[in-house]
Amino acid sequence: EVQLVESGGGLVQPGSPLKLSCAASGFTFSSNWLNWIRQAPGKGLEWVASINPDGSSTYYPDTVKGRFVVSKDNAKNTGYLQMNNLRSEDTAMYYCARKGVLFDYWGQGVMVTVSS
Amino acid sequence: DIVMTQGALPNPVPSGESVSITCRSSKSLLYSDGKTYLNWYLQRPGQSPQLLIYWMSTRASGVSDRFSGSGSGTDFTLKISGVEAEDVGVYYCQQGLEFPFTFGSGTKLEIK
């Protein structure tokens, strides 16, 4: 069974860093893209990062480019989202999801709140 | 960026009725490989989104055949034949043609 489990969320102050993790199981992690999608409270879905199977290429929207870094450790079957210089508008539920161009399995999400 | 625009539903919808959810993209999602890179998701209340349809008309594994996707390069429809209580939630379309991937704003389905 495919499973994705996020962790690392919490309450942080503006300007702080935070690193999210996504533990994968039930499939060949090294052969799959990993994506991060977020959802602000009461709002819609926003794609925030993608990384290709071997980790050599990463992609971001302009809203997070230069502040967020996506990575994956294929030996540990775990993906990461390093978030730097967090802003109040980054407050959201963060989901990791499998595959590229489409997101066929999603984790349960982890909440990140940026507030002073 | 490709803008995805979704239509609304006349909520609440009577149980058993069929509904169509529309989505329009600002650029054709038809790629040279013949696939149209349009996906549909359902987010039930309090849950993570789940993939329903990919490549415009291919049902994801385990998805009921009451769900069907159709469209052209820029105009798309998700049809639910005979809505049931479990279909309640917000439906999102998403383009996978190019980065940045973008979603529609969502279409809420409520059942009477």
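Residues numbered from 1 in each chain as written. Chains lettered and ligands numbered in written order. Predicted model: local features only at pLDDT ≥ 70, side-chain atom pairs only at ≥ 80, totals over all residues. Heavy atoms only, no water.

Our focus in this paragraph is the interface of chain B and chain A. In this assembly, 17 residues from chain B lie in contact with 19 residues from chain A. Buried area between chain B and chain A, summed over both chains or domains, comes out near 1,500 Å², and the portion from carbon and sulfur atoms is 70%. The three residues of chain B that bury the most area against chain A are F99(B), F101(B) and F103(B), which together make up 36% of that side's buried surface. At the boundary of chain B with chain A, the tally comes to five residue pairs in polar contact (both at pLDDT 80 or more). Those elements giving two or more residues to the side of chain B that touches chain A turn out to be β3 (38-43), β4 (50-54) and β8 (89-95) of chain B. Across the side of chain B that touches chain A, the residue classes break down as 11 nonpolar, six polar and no charged. (Contact = heavy atoms within 4.5 Å. Buried area = accessible area lost by both parts, 1.4 Å probe. Polar contact = N/O pair within 3.5 Å; in protein donor to acceptor, adjacent residues only side chain to side chain. Helix = DSSP H or I, 4+ residues; strand = E, 2+ residues; numbered from the N terminus. Nonpolar A, V, L, I, M, F, W, Y, C, P; charged D, E, K, R; others polar.)

That bond from N11(B) to P12(B) is cis: its omega, -5°, falls within 30 degrees of zero. By the element assignment, P12(B) lies in the loop between β1 (4-6) and β2 (19-25). For the bond running from F99(B) to P100(B), omega is 0°, close enough to zero to count as cis. Along the chain, the position of P100(B) falls in the loop between β8 and β9 (102-103). In this model, N85(A) sits at a positive phi of 45°, which is unusual for a non-glycine residue.

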